[in-house]
Amino acid sequence: QVQLVDSGGGLVQAGGSLRLSCAASGRTFSTYAMGWFRQAPGKEQEFVATISWTGGRTYYADSVKGRFTISRDNAKNTVYLQMNSLKPEDTAVYYCAADSLPYRVDPGRTSRDYDYWGQGTQVTVSS
């Protein structure tokens, strides 16, 4: 049983920063890509960022490119999302997710590529 525990959300003013963490347990973390998705009230879930199992490939949604950075520490079974220059439109519940297949060369950017999800952490950016 894979468990993902998201943390690090909170309330921040526009222009501020937050770092989200996702601690994984239950399978070999280092062999799976990890992703972050978000869902704002009344909107569909959207892709934010993903990182390959080696950490060598990362992809970002256009809306966060240049502001957010995804990283992973395989020794700690943890993936991070550093969020800088936050905007009110970044307000959402953020979820980390674990890839459904190990050793995927090109990490997926849709929710169907992921089979385990964290409980979500709320990020609220005030204007």
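Anything mentioned here points back to the structure above.
First, a word on scope: everything that follows refers to the structure included in this document.

Calculation criteria
Residues numbered from 1 in each chain as written. Predicted model: local features only at pLDDT ≥ 70, side-chain atom pairs only at ≥ 80, totals over all residues. Heavy atoms only, no water. Helix = DSSP H or I, 4+ residues; strand = E, 2+ residues; numbered from the N terminus. Pairing = 2+ DSSP bridges. Axes fitted to C-alpha atoms, helices over the stretch in contact; angles between N-to-C directions. Salt bridge = Lys/Arg side-chain N within 4 Å of Asp/Glu carboxyl O. Buried < 20%, exposed > 50% of the residue type's maximum accessible area, 1.4 Å probe, protein only.

## Some words on unusual backbone geometry
Consideration 1: Although it is not a glycine, Asn-77 sits at a positive phi angle of roughly 50°.
Consideration 2: Counting through the fold element by element, Asn-77 comes out in the loop between β7 (68-73) and β8 (78-83).

## Digging into the sheet that holds strand β1 (residues 3-7)
Across a sheet, strands are paired by hydrogen bonds formed along the backbone, either parallel or antiparallel in direction.
Consideration 1: Sheet architecture is open: four strands sit in the order β1-β3-β8-β7, paired in antiparallel fashion. Looking at the sheet topology across the chains shown, the edges are occupied by β1 and β7. On average, each strand axis in the sheet is tilted by 15° relative to the strand beside it, whichever way the strands run.
Consideration 2: The pairing of β1 with strand β3 (residues 18-25) spans five bridges and is classified as antiparallel. Residue pairing for β3: Val-5 is matched across the bridge by Ala-23.

## Considerations on the pattern of salt bridges
Consideration 1: Per the counting criterion, the structure on display carries eight salt bridges.
Consideration 2: In this structure, Glu-46 engages Arg-38 in a salt bridge whose closest nitrogen and oxygen atoms are separated by 2.5 Å.
Consideration 3: A salt bridge links Lys-65 to Asp-62; the shortest N-O distance between them is 3.1 Å.
Consideration 4: For Asp-62, a relative accessible area of 67% corresponds to the exposed category.
Consideration 5: Connected through salt bridges with shared partners, the residues Arg-38, Glu-46, Arg-67 and Asp-90 form a single ionic network.

## A word on the pairing of strand β11 (residues 121-126)
Consideration 1: Alternating residues of β11 divide into Thr-121, Val-123 and Val-125, all buried, and Gln-122, Thr-124 and Ser-126, none buried.
Consideration 2: In the sheet, strand β2 (residues 10-13) pairs with β11 via four bridges, with the strands oriented parallel. Bridge pairing in β11 links Gly-10 to Val-123.
Consideration 3: Pairing analysis gives three bridges linking strand β9 (residues 92-102) to β11, with the strands arranged antiparallel. Across the sheet, the residue bridging to Val-93 is Gln-122, located in β11.

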